Amino acid sequence: MKVTVLYGGPSAEREISLISGKAVIAGLRSMGHEVFASDISPADLRALDVEADVIFPVLHGAFGESGELQEILEQRGVPFVGSGSVASRIGMNKIATKRLWQRANLTTPAWELINRTAPAPTIGAPCVVKPIDSGSSIDVIICRSQLDADLACDQILQRHDEAMVERLIDGPELTVGLLEEQPLDPIRIVTKRAFFDFDAKYKECGTEHHFDLGLTKAAEQRCRELAREANRVIGCRDLARVDLMLDRHLEPSLLEINTMPGFTPTSLLPEAAAQV
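A quick note: this is a predicted structure, and the numbers were derived from the prediction, not measured.

Attention now goes to the state of the cysteines. Within the structure shown, the criterion is met by zero disulfides. In this structure Cys127 is a free cysteine whose sulfur lies 4.4 Å from that of Cys143, the closest cysteine sulfur available. Judged by relative accessible area, Cys127 falls into the buried class, the value being 0%. There is no disulfide at Cys236, and the cysteine sulfur nearest it, in Cys223, is 18 Å away.

Next up on the list: helix 4 (residues 94-103). Listing the buried residues of helix 4 in full gives Lys94, Ile95, Thr97, Lys98 and Trp101. The arc that holds the buried residues of helix 4, viewed along the axis, is 160°, so those residues lie on one side. Of the surrounding secondary structure, the elements contacted by the buried residues of helix 4 are helix 3 (85-92), strand 4 (111-115), strand 5 (127-130), strand 7 (162-167), helix 7 (217-234) and strand 13 (252-258). Its side-chain oxygen 3.0 Å from the backbone nitrogen of Ile95, Asn93 forms the N-cap of helix 4. One or two positions beyond helix 4, positive phi appears at Asn105, with a value near 60°.

Moving on: the nonpolar core. If you look at the biggest cluster of nonpolar residues, it comprises 23 residues, and the most contacted ones within it are Trp101, Val242 and Leu254. Those elements that provide at least two residues to this core are helix 3, strand 8 (173-179), helix 7, strand 12 (239-246) and strand 13. The leading source of residues in this core is helix 7, at seven residues. Residue contacts for Leu254: discarding those within four places in its chain leaves Lys98, Trp101, Leu106, Thr107, Thr108, Pro109, Leu226, Ala230, Val242, Asp243 and Leu244. Within the second largest apolar cluster, 20 residues are counted, among which are Leu184, Ile187, Ile189 and Phe263.

Turning to the packing of helix 2 (residues 68-76) against helix 3, a few remarks are in order. Helix 3 packs onto helix 2 with a crossing angle of 175° between their chain directions and a minimal axis gap of 8 Å. Here helix 2 is positioned roughly antiparallel relative to helix 3, judged by the angle of their axes. Contacts between helix 2 and helix 3 pair Gln70, Glu71 and Glu74 from the former with Ser85, Ser88 and Arg89 from the latter.

Strand order across the open sheet formed by four strands is 4-7-5-6, with antiparallel pairing between neighbours. Every interior strand has two partners, whereas the edge strands, strand 4 and strand 6 (141-143), have only one. Taken pair by pair, the neighbouring strands of this sheet meet at an average axis angle of 25°, ignoring direction. Both strand 5 and strand 6 contribute to a ladder of three bridges, which runs antiparallel. Looking at strand 6, one finds that Cys127 is bridged to Cys143.

Cut-offs used in this document
- Residues numbered from 1 in each chain as written.
- Predicted model: local features only at pLDDT ≥ 70, side-chain atom pairs only at ≥ 80, totals over all residues.
- Heavy atoms only, no water.
- Disulfide = S-S within 2.5 Å.
- Buried < 20%, exposed > 50% of the residue type's maximum accessible area, 1.4 Å probe, protein only.
- Helix = DSSP H or I, 4+ residues; strand = E, 2+ residues; numbered from the N terminus.
- Arc of directions from axis to C-beta.
- Contact = heavy atoms within 4.5 Å.
- Polar contact = N/O pair within 3.5 Å; in protein donor to acceptor, adjacent residues only side chain to side chain.
- Core = buried A, V, L, I, M, F, W, Y, C linked by side-chain atoms within 4.5 Å.
- Axes fitted to C-alpha atoms, helices over the stretch in contact; angles between N-to-C directions.
- Parallel < 35°, antiparallel > 145°, perpendicular 65-115°, else oblique.
- Pairing = 2+ DSSP bridges.

Shown next as C-alpha coordinates:
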(Lines give C-alpha, C1' and ligand atoms only; values in the text may rest on other atoms or scores of the structure.)
Protein backbone atom coordinates (compact mmCIF):
# COMPACT_ATOMS: atom_id res chain seq x y z
CA MET A 1 0.00 0.00 0.00
CA LYS A 2 0.93 3.63 -0.36
CA VAL A 3 0.94 5.02 3.18
CA THR A 4 1.52 8.63 4.16
CA VAL A 5 2.89 8.91 7.70
CA LEU A 6 2.43 12.30 9.33
CA TYR A 7 4.53 13.08 12.38
CA GLY A 8 6.12 15.95 14.29
CA GLY A 9 3.53 18.71 14.34
CA PRO A 10 3.29 21.87 16.42
CA SER A 11 2.44 20.56 19.90
CA ALA A 12 4.48 20.31 23.09
CA GLU A 13 4.72 16.57 22.38
CA ARG A 14 6.46 17.13 19.04
CA GLU A 15 9.71 15.37 19.99
CA ILE A 16 7.82 12.24 21.08
CA SER A 17 5.83 12.30 17.84
CA LEU A 18 9.04 12.40 15.80
CA ILE A 19 10.30 9.27 17.56
CA SER A 20 6.91 7.52 17.24
CA GLY A 21 6.66 8.41 13.56
CA LYS A 22 10.08 7.00 12.74
CA ALA A 23 9.14 3.71 14.41
CA VAL A 24 5.89 3.49 12.43
CA ILE A 25 7.73 4.31 9.19
CA ALA A 26 10.29 1.56 9.87
CA GLY A 27 7.56 -0.94 10.71
CA LEU A 28 5.55 -0.19 7.57
CA ARG A 29 8.60 -0.40 5.32
CA SER A 30 9.64 -3.71 6.91
CA MET A 31 6.22 -5.06 5.83
CA GLY A 32 6.79 -3.96 2.24
CA HIS A 33 4.60 -0.85 2.15
CA GLU A 34 5.55 2.26 0.20
CA VAL A 35 5.85 5.10 2.72
CA PHE A 36 5.81 8.84 2.23
CA ALA A 37 6.67 10.62 5.46
CA SER A 38 6.13 14.26 6.32
CA ASP A 39 6.44 16.61 9.26
CA ILE A 40 3.14 18.48 9.14
CA SER A 41 1.72 21.68 10.61
CA PRO A 42 -1.52 23.67 10.24
CA ALA A 43 0.36 26.09 7.95
CA ASP A 44 1.75 23.37 5.68
CA LEU A 45 -0.66 20.65 4.53
CA ARG A 46 1.12 19.81 1.28
CA ALA A 47 1.71 16.23 2.43
CA LEU A 48 -2.04 15.61 2.11
CA ASP A 49 -1.81 16.20 -1.65
CA VAL A 50 0.50 13.20 -2.12
CA GLU A 51 -1.39 10.19 -3.47
CA ALA A 52 -1.94 7.60 -0.73
CA ASP A 53 -4.17 4.64 0.04
CA VAL A 54 -4.26 5.60 3.69
CA ILE A 55 -2.80 8.22 6.03
CA PHE A 56 -1.32 7.35 9.42
CA PRO A 57 -1.26 10.52 11.56
CA VAL A 58 1.30 9.67 14.24
CA LEU A 59 0.91 12.98 16.04
CA HIS A 60 0.46 13.54 19.75
CA GLY A 61 -1.16 16.57 21.36
CA ALA A 62 -2.66 19.70 19.81
CA PHE A 63 -3.68 19.72 16.13
CA GLY A 64 -2.67 16.13 15.35
CA GLU A 65 -4.46 14.29 18.14
CA SER A 66 -7.09 16.80 19.17
CA GLY A 67 -9.37 16.48 16.14
CA GLU A 68 -8.29 19.32 13.86
CA LEU A 69 -6.20 17.20 11.50
CA GLN A 70 -8.78 14.41 11.60
CA GLU A 71 -11.49 16.87 10.57
CA ILE A 72 -9.39 18.00 7.60
CA LEU A 73 -8.89 14.37 6.54
CA GLU A 74 -12.61 13.67 6.89
CA GLN A 75 -13.47 16.70 4.76
CA ARG A 76 -11.07 15.49 2.08
CA GLY A 77 -12.51 11.99 2.20
CA VAL A 78 -9.11 10.41 2.87
CA PRO A 79 -8.96 7.10 4.82
CA PHE A 80 -6.80 7.41 7.93
CA VAL A 81 -5.69 5.38 10.91
CA GLY A 82 -7.11 6.16 14.34
CA SER A 83 -10.12 7.85 15.83
CA GLY A 84 -12.25 10.36 13.95
CA SER A 85 -12.42 14.05 14.72
CA VAL A 86 -15.22 13.84 17.31
CA ALA A 87 -13.64 11.07 19.41
CA SER A 88 -10.21 12.70 19.07
CA ARG A 89 -11.55 16.04 20.30
CA ILE A 90 -13.27 14.40 23.27
CA GLY A 91 -10.33 12.16 24.14
CA MET A 92 -7.94 15.10 24.17
CA ASN A 93 -10.13 16.97 26.67
CA LYS A 94 -9.97 15.32 30.09
CA ILE A 95 -13.11 17.08 31.29
CA ALA A 96 -15.20 16.04 28.28
CA THR A 97 -13.89 12.50 28.61
CA LYS A 98 -14.75 12.20 32.29
CA ARG A 99 -18.21 13.68 31.77
CA LEU A 100 -19.03 10.99 29.22
CA TRP A 101 -17.66 8.28 31.49
CA GLN A 102 -19.70 9.56 34.41
CA ARG A 103 -22.82 9.65 32.24
CA ALA A 104 -22.18 6.00 31.36
CA ASN A 105 -21.70 5.14 35.08
CA LEU A 106 -18.03 4.25 34.61
CA THR A 107 -15.83 4.75 37.66
CA THR A 108 -13.48 7.73 37.53
CA PRO A 109 -11.98 9.80 40.39
CA ALA A 110 -13.88 12.88 41.59
CA TRP A 111 -12.76 16.03 39.80
CA GLU A 112 -13.51 19.68 39.24
CA LEU A 113 -12.58 22.36 36.75
CA ILE A 114 -10.70 25.48 37.82
CA ASN A 115 -9.81 28.56 35.81
CA ARG A 116 -8.27 31.97 36.33
CA THR A 117 -11.53 33.52 37.55
CA ALA A 118 -12.33 30.55 39.84
CA PRO A 119 -8.91 29.22 40.86
CA ALA A 120 -9.79 27.67 44.24
CA PRO A 121 -11.02 24.05 44.09
CA THR A 122 -13.19 22.43 46.73
CA ILE A 123 -11.28 19.15 46.29
CA GLY A 124 -8.37 19.33 48.68
CA ALA A 125 -5.14 17.39 49.05
CA PRO A 126 -4.19 14.70 48.32
CA CYS A 127 -5.04 15.52 44.72
CA VAL A 128 -3.66 15.81 41.21
CA VAL A 129 -3.59 19.09 39.27
CA LYS A 130 -3.29 18.81 35.51
CA PRO A 131 -4.07 20.68 32.28
CA ILE A 132 -7.24 19.47 30.60
CA ASP A 133 -5.81 19.13 27.10
CA SER A 134 -2.20 17.94 27.12
CA GLY A 135 -0.55 14.52 27.20
CA SER A 136 2.72 12.81 28.16
CA SER A 137 2.08 13.94 31.77
CA ILE A 138 3.29 17.43 30.86
CA ASP A 139 2.48 19.90 33.70
CA VAL A 140 0.88 17.19 35.87
CA ILE A 141 1.51 17.78 39.60
CA ILE A 142 0.81 15.34 42.47
CA CYS A 143 -0.12 17.25 45.64
CA ARG A 144 0.19 15.56 49.04
CA SER A 145 -0.46 18.68 51.12
CA GLN A 146 -2.88 21.59 50.77
CA LEU A 147 0.05 23.99 50.37
CA ASP A 148 1.30 21.87 47.46
CA ALA A 149 -2.21 21.93 45.94
CA ASP A 150 -2.54 25.70 46.24
CA LEU A 151 0.87 26.27 44.67
CA ALA A 152 0.16 23.76 41.89
CA CYS A 153 -3.15 25.40 40.96
CA ASP A 154 -1.44 28.78 40.75
CA GLN A 155 1.46 27.36 38.74
CA ILE A 156 -0.69 25.49 36.20
CA LEU A 157 -3.09 28.42 35.71
CA GLN A 158 -0.15 30.66 34.87
CA ARG A 159 0.47 28.44 31.82
CA HIS A 160 -3.07 27.25 31.01
CA ASP A 161 -6.46 28.97 30.99
CA GLU A 162 -8.09 26.00 32.70
CA ALA A 163 -7.01 23.00 34.74
CA MET A 164 -8.49 19.94 36.38
CA VAL A 165 -8.13 19.06 40.04
CA GLU A 166 -8.69 15.34 40.58
CA ARG A 167 -8.91 13.25 43.74
CA LEU A 168 -5.68 11.26 44.12
CA ILE A 169 -6.01 7.49 44.08
CA ASP A 170 -2.84 6.26 45.74
CA GLY A 171 -2.50 2.75 44.38
CA PRO A 172 -1.11 0.68 41.52
CA GLU A 173 -1.27 2.24 38.06
CA LEU A 174 -2.35 0.16 35.07
CA THR A 175 -2.71 0.84 31.40
CA VAL A 176 -4.73 -1.14 28.87
CA GLY A 177 -3.94 -0.88 25.18
CA LEU A 178 -6.70 -1.47 22.65
CA LEU A 179 -6.33 -2.66 19.05
CA GLU A 180 -9.43 -2.74 16.85
CA GLU A 181 -11.45 -2.02 19.98
CA GLN A 182 -10.21 -5.18 21.75
CA PRO A 183 -8.32 -4.81 25.05
CA LEU A 184 -4.80 -6.21 25.18
CA ASP A 185 -3.11 -7.53 28.32
CA PRO A 186 -3.04 -4.84 31.03
CA ILE A 187 0.37 -3.53 32.09
CA ARG A 188 1.23 -2.52 35.64
CA ILE A 189 3.56 0.49 35.75
CA VAL A 190 6.14 0.69 38.52
CA THR A 191 8.28 3.83 38.69
CA LYS A 192 10.95 5.04 41.07
CA ARG A 193 9.76 8.62 40.54
CA ALA A 194 6.87 10.26 42.42
CA PHE A 195 4.54 9.12 39.65
CA PHE A 196 4.56 8.09 35.97
CA ASP A 197 5.66 11.52 34.72
CA PHE A 198 7.31 12.61 31.46
CA ASP A 199 10.80 11.49 32.54
CA ALA A 200 9.50 8.14 33.81
CA LYS A 201 7.79 7.59 30.45
CA TYR A 202 10.57 8.54 28.10
CA LYS A 203 13.91 8.58 29.94
CA GLU A 204 16.03 5.94 31.64
CA CYS A 205 14.58 6.27 35.14
CA GLY A 206 14.22 2.62 36.09
CA THR A 207 10.51 2.50 35.22
CA GLU A 208 9.24 -1.08 34.95
CA HIS A 209 6.30 -2.52 33.00
CA HIS A 210 4.80 -5.75 34.36
CA PHE A 211 2.26 -8.07 32.76
CA ASP A 212 2.09 -9.98 36.05
CA LEU A 213 -0.34 -7.63 37.79
CA GLY A 214 -0.56 -9.43 41.11
CA LEU A 215 -4.37 -9.50 40.71
CA THR A 216 -6.95 -12.24 40.55
CA LYS A 217 -8.19 -13.21 37.10
CA ALA A 218 -11.55 -11.64 37.95
CA ALA A 219 -9.92 -8.31 38.93
CA GLU A 220 -7.79 -8.32 35.78
CA GLN A 221 -10.88 -8.97 33.68
CA ARG A 222 -12.66 -6.02 35.34
CA CYS A 223 -9.80 -3.79 34.20
CA ARG A 224 -10.06 -5.11 30.64
CA GLU A 225 -13.82 -4.63 30.48
CA LEU A 226 -13.68 -1.16 32.03
CA ALA A 227 -11.08 -0.14 29.43
CA ARG A 228 -13.15 -1.63 26.60
CA GLU A 229 -16.25 0.22 27.72
CA ALA A 230 -14.34 3.47 28.29
CA ASN A 231 -13.02 3.23 24.74
CA ARG A 232 -16.48 2.49 23.32
CA VAL A 233 -18.13 5.40 25.13
CA ILE A 234 -15.63 7.89 23.68
CA GLY A 235 -16.06 6.38 20.21
CA CYS A 236 -12.41 5.57 19.52
CA ARG A 237 -11.35 3.25 16.73
CA ASP A 238 -8.32 1.28 15.55
CA LEU A 239 -6.02 1.92 18.51
CA ALA A 240 -6.07 3.62 21.89
CA ARG A 241 -4.75 3.28 25.43
CA VAL A 242 -6.72 3.67 28.64
CA ASP A 243 -4.99 4.55 31.93
CA LEU A 244 -6.41 3.34 35.24
CA MET A 245 -5.62 3.49 38.94
CA LEU A 246 -6.46 0.81 41.50
CA ASP A 247 -7.66 1.82 44.96
CA ARG A 248 -6.77 0.02 48.19
CA HIS A 249 -9.51 -2.52 47.48
CA LEU A 250 -7.96 -3.09 44.03
CA GLU A 251 -11.00 -1.63 42.30
CA PRO A 252 -10.13 0.19 39.05
CA SER A 253 -10.91 3.83 38.22
CA LEU A 254 -10.46 5.50 34.85
CA LEU A 255 -7.95 8.33 34.54
CA GLU A 256 -7.82 9.19 30.84
CA ILE A 257 -7.72 7.85 27.30
CA ASN A 258 -5.01 8.32 24.69
CA THR A 259 -6.36 8.21 21.15
CA MET A 260 -2.92 8.06 19.47
CA PRO A 261 -0.55 6.28 21.86
CA GLY A 262 3.19 6.55 21.46
CA PHE A 263 5.41 4.23 19.44
CA THR A 264 8.71 4.99 21.17
CA PRO A 265 11.01 2.21 22.47
CA THR A 266 9.40 2.57 25.92
CA SER A 267 5.79 2.99 24.77
CA LEU A 268 3.14 0.74 26.24
CA LEU A 269 0.75 -0.08 23.38
CA PRO A 270 3.46 -1.66 21.16
CA GLU A 271 4.70 -3.62 24.18
CA ALA A 272 1.20 -4.94 24.90
CA ALA A 273 0.73 -5.82 21.22
CA ALA A 274 4.05 -7.69 21.18
CA GLN A 275 2.93 -9.65 24.23
CA VAL A 276 0.07 -11.22 22.23
